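# A structural walkthrough
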Amino acid sequence: MMDNLRTAANSPVLKIVLALIILSFVLTGVGGYLTSGAGSYAAEVNGQAISRAQLEQAFQQERNALQEQLGDKFSVLASDEQSMKQIRNQALDRLINNALIDQYSRELGLSASDEQVKDSIRNTSYFQTDGKFDNNKYLELLNRFNMSPDIFAEQTRQNLVNQQLIMAFSGSEIALPGEVKLNAELLLQQRTARIATLELKKIQAQQEVTDKDLQDYYNLNKSSFIASEEVKISYIKMDAVDEMNKVSATSADVDAYYEHNLKRYTQPEQKKYSLIQLATESEARTVFDELNKGADFGKLATKKSTDKFSAKNHGEIGWMEEDALPEELKQANLKEKGQISSVIKVPNGFAIFHLDDVKPQIIKPLSEVRSEIEKMVKQEKAVDAFYALQQKVSDAATSDNESLAAAEEVSGIKVVTTDWFDRNSVPAEINFGAVIHAIFEGNLVDGQGPTGTNSDVISVEGDRAFVLRVDNYKPETVQPFEKVKDQVTELVKRQKAEKQLQVESEKLLTALKEGKGEQALKDAGIQFGESQVIQRTSQDNVLVGAVFALPLPKEGKAEYGLTKNSLDDVVLIQLDKVTPGVVSEEQIKSMTDGYQSEMGNAMLESLLISLREKAKIKLGHTE
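Below is a short write-up of the structure. (Residues numbered from 1 in each chain as written. Predicted model: local features only at pLDDT ≥ 70, side-chain atom pairs only at ≥ 80, totals over all residues. Heavy atoms only, no water.)

### Some points on the environment of Ala385
Operational definition: Helix numbers and strand numbers start at the N terminus; a helix is a DSSP run of H or I with at least 4 residues, a strand a run of E with at least 2. Here's how the labels work: a residue is buried when its accessible area is under 20% of the maximum for its type, exposed when over 50%, partly exposed in between, all with a 1.4 Å probe on protein chains only. Note on contacts: a residue pair qualifies if any of its non-hydrogen atoms lie within 4.5 Å across the two residues.
Inspection of the secondary structure assignment puts Ala385 in helix H19 (residues 366–399). Exposure remark for Ala385: the relative accessible area of 21% places this residue in the partly exposed category. Along the sequence, Ala385 and Glu243 sit 142 residues apart, while their C-alpha atoms lie 6.5 Å from each other. If we ignore the near neighbours within four places in the chain, the residues touching Ala385 are Glu243 and Val247.

### Let's talk about the pairing of strand S22 (residues 570–579)
Put simply, the test is: Following DSSP output, two strands are said to pair if at least two bridges run between them.
Two elements, strand S5 (residues 190–198) and S22, share 9 bridges in a ladder whose sense is antiparallel. When the bridges of S22 are listed, Ile195 appears paired with Ile573. Relative to S22, strand S21 (residues 559–564) runs antiparallel, the two being bridged by 6 bridges. Considered in S22, the bridge of Thr563 is made with Val571. Where S21 folds back onto S22 in an antiparallel hairpin, the turn is made up of 5 residues, including Asp568, whose phi is positive at roughly 70°.

### Section: the layout of surface pockets
Put simply, the test is: Think of a 1 Å grid over the protein atoms and nothing else: a 1.4 Å probe that fits but is trapped marks a cavity, an open set flanked by protein within 12 Å on at least five of seven lines marks a pocket, and residues with an atom within 4 Å of a point count as lining. Grid points are joined across faces, edges and corners, and a volume is the space filled by probe spheres set on the points. Residues were grouped as follows: Ala, Val, Leu, Ile, Met, Phe, Trp, Tyr, Cys and Pro as nonpolar; Asp, Glu, Lys and Arg as charged; and all remaining residues, including Gly, as polar.
Roughly 1200 Å³ of volume is contained in the second largest pocket. The set of elements that each furnish at least two residues to the lining of the second largest pocket consists of helix H7 (114–122), helix H9 (149–170), strand S9 (270–278), strand S10 (316–321), helix H18 (327–332) and strand S12 (349–359). Taken together, the residues of the lining of the second largest pocket break down into 17 nonpolar, 10 polar and 8 charged.

### Overview of the packing of helix H12 (residues 211–220) against helix H22 (residues 481–513)
The line we're drawing: Every axis in this analysis is a line fitted to C-alpha atoms, fitted for helices over the stretch in contact. Angles between the N-to-C directions lie between 0 and 180 degrees. Angles are sorted into four bins: roughly parallel if under 35 degrees, roughly antiparallel if over 145, roughly perpendicular if 65 to 115, and oblique for all others.
Viewed as axis vectors pointing N to C, H12 and H22 meet at an angle of 100°, and their least axial separation amounts to 9 Å. The orientation of H12 with respect to H22, classified from their angle, is roughly perpendicular. Every residue of H22 that contacts H12 at Asp211, Asp213, Leu214, Gln215, Tyr217 and Tyr218 is listed here: Phe481, Val484, Lys485, Val488, Thr489, Leu491, Val492, Gln495 and Lys496. Looking at the contact of H12 with H22 residue by residue, the classes come out as 8 nonpolar, 3 polar and 4 charged.

### Thoughts on the sheet that holds S22
Pairing is antiparallel across the open sheet formed by 4 strands, whose spatial order is S20-S5-S22-S21. Strands at the two margins of the open sheet, each flanked by one partner only, are strand S20 (532–535) and S21. For this sheet, the mean angle separating the axes of adjacent strands, direction not counted, is 40°. Against the sheet, helix H24 (residues 541–549) makes contact with S5, S20, S21 and S22, and its axis sits at roughly 95° relative to S20, the strand it touches most.

What follows is the structure, encoded as structure tokens:
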């Protein structure tokens, strides 16, 4: 919600960064760095906090991603308060899902080593120049998004763990080749057709109307010619970004935050393990004896372990923290580097574990994270100051309900007065659904005009709020006939044209099916165009749907149908030929992989539903 979010999130690099993240956003899912004290969270997931600041960042990123996709059309979405609330809820849902996946991955013992994290970052195409890692590009992107290398590395680590989980589900479903081949052939089927168009606007231009026609239409449809109600209002706008510029983070604030969140800046002790897994206890004890006689653990793992994944890597299963250890490794109770466990029962047989290496706990010194904490403290203070300002303005507007003078005085924010506007011409600065609702559907006006009262504080998008009053009001009225006569004329002509078009198109279709189409088309002044090959993936969805709904031509005889295009013209269709789809083995394999991936994602979605049903999720302040 702060200024850096309004600028950085608009960068075209956003899509590239988003592509790096599975089930999360850049700057989200790093709860430890963003969680603040009690009462400041947006949600708690099994005791893990999602801070308000974290939610604001996720919301702004999703909002700006939509803005990039929709361009100028985004303003329509942004003006709808309900749509903005839905986007905020979606952002919170994603954060909650991310926390659940993170917790579940830890239960399964999934992890990613430091080397894997480095490789992932170095192999990211955006960070490369001529196929080689470009450190300048890497640092430039981090600076744009105000991220430290440590935060980005931890986000990448979580992303790799999430990918492991997704890959596990994606590979768990089997698609039958015959089923995939049949669907592929239908998908790739091609249809050769010709079309002829009866244009509505040409028929509309030929229509003649009388004054009686127009007057009758106007009398029956007066409710369609209402001049909207109009208002003039005064308002005060409160913006969270302004509060950010007023707050500061003292050294004492930073010290207190660091001490309170010390665990967040602590890298727990990590241990690197290897594994040899055998099918039976007797085989495991034989290998255990060999190890005690000095045999090389890695070589035995490669040669004898039934766990093929780790066997390829000399038995290595990676670095793990104590909290993420599976029960079998906890049972092994390995403390010192080089130590070997006894034979331990595991779900798929029996295992011997080896402690390869140990990394001691590391606590980041305050000097390394001071600037990061200063930003967080300022952001939390700004959020609190913004809410306090809203309360102060609300109290003033309630106590002095005759004007906004008292609210202006306590806030130091100048009152803005508008010119006349209606629902369809709301000034851009106040063009939000909640504001529009308060003006036109709240208690600020009644049948007699403005009620002379101030509104409650209206919060929009979490980072702006308004208090307002209606100064002048014009009720809606029916526009006189003479003022809308031209509009009525076009409506009556169109109505007549649509009826004529329906009759003519149905006659043409009947003539075509009876083999008399050539003369009928000539009389209508139209003809079929050149043949075109239409696929299910073609752009014109309406035409594609109509073409593929027609039955197969029999004995070289064309099939005919009709549909309407986006202009309400009637489109006549002559289907001449259907070509079955031809599918190669490579395409079948590709589609099978896609099918399995879809099934894996569906199973992952089911897992999330199950995790949410079992989880203790507590919502906090989300606005």
